[in-house]
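Chain by chain, the residues run as shown.
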Amino acid sequence: METYIPISYLNDFIFCPRSIYFHQLYGGYAKTVYQQKPQVAGIAAHTAIDEQTYSTRKNILQATEIYCERYNICGKIDVFDIDTGKLTERKREIKTIYDGYVFQVYAQYFALSEMGYNVHNIVMHCIAHNKNYNIPLPKDAPEMHCKFEQLIDQINNFDLDTPNFTPIEAKCNNCIYNNLCDYSLC
Ligand code: SF4
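Residues numbered from 1 in each chain as written. Predicted model: local features only at pLDDT ≥ 70, side-chain atom pairs only at ≥ 80, totals over all residues. Heavy atoms only, no water.

Draft legend 1. How the structure looks around the pattern of salt bridges. Within this structure, the stated rule accounts for 4 salt bridges. For K139, the salt bridge is made with D140, and the minimal N-O distance between the two is 3.7 Å. The class of K139 is exposed, set by a relative accessible area of 60%. (Salt bridge = Lys/Arg side-chain N within 4 Å of Asp/Glu carboxyl O. Buried < 20%, exposed > 50% of the residue type's maximum accessible area, 1.4 Å probe, protein only.)

Okay, structure coming up:
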């Protein structure tokens, strides 16, 4: 396991804990080798932010590297407005607000708070439908905060060789690593 948890693991681990192993294996590899169309489209949606051209205002943080000491998580935020305290995560298309999405913005929230910023609200923005979804802050959603902390524990304690792992066929069918994984059901 990494010495820190990349933010992307929070969503991926929920999808399948074993996928984290392949992430680590292919982390430094050319991304196009193992990313299929939806992943590439998702990256394209972030291009303006990653190139920090989304806004030129000085009070907007874009694609800023963050680290959360409390949970030992690192990654990047999409957009944070320092003046209003609004944290925005842009996604190419949102059909469902998965817990993994929420946990990723929680990690950003805790990191920004540690950095001394006041995060007043969190918004998930669906680019395809130009729609915003408000995400309650962890302090206002104790059950989700608890699930977030349980997930961090599970990631920290996951054993790839556990005999208790059972693959799920529907997930394997949609997994970009299904050609590489011994446990794949497809
Ligand atoms: S192929 Fe199936 S078991 Fe293997 S990483 Fe993907 S989802 Fe998990």
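From this point on, the discussion continues.
Draft legend 2. Structural context of the confidence of the model for the chain. A residue-level look at the chain finds 83% of positions with pLDDT of 70 or above and a mean pLDDT of 87. Counting contacts from residues 28-34, a segment whose pLDDT is below 50, to residues more than four positions away or on other chains yields 5 contacts. (pLDDT = per-residue confidence, 0-100. Contact = heavy atoms within 4.5 Å.)

Draft legend 3. Representation of the sheet that holds strand β7 (residues 121-126) within the structure. If you trace the 5 strands from one edge of the open sheet to the other, you get β2-β5-β6-β7-β8, paired in mixed fashion. Each edge of the sheet is formed by a strand with only one pairing partner; in this case those strands are β2 (60-62) and β8 (131-135). Pairs of neighbouring strands in the sheet enclose a mean axial angle of 20°, with direction left out of account. Contacts from helix α6 (residues 99-114) reach β2, β5 (79-81), β6 (86-91), β7 and β8 within the one sheet, and its direction differs from that of β6 by about 145°. (Pairing = 2+ DSSP bridges. Helix = DSSP H or I, 4+ residues; strand = E, 2+ residues; numbered from the N terminus. Axes fitted to C-alpha atoms, helices over the stretch in contact; angles between N-to-C directions.)

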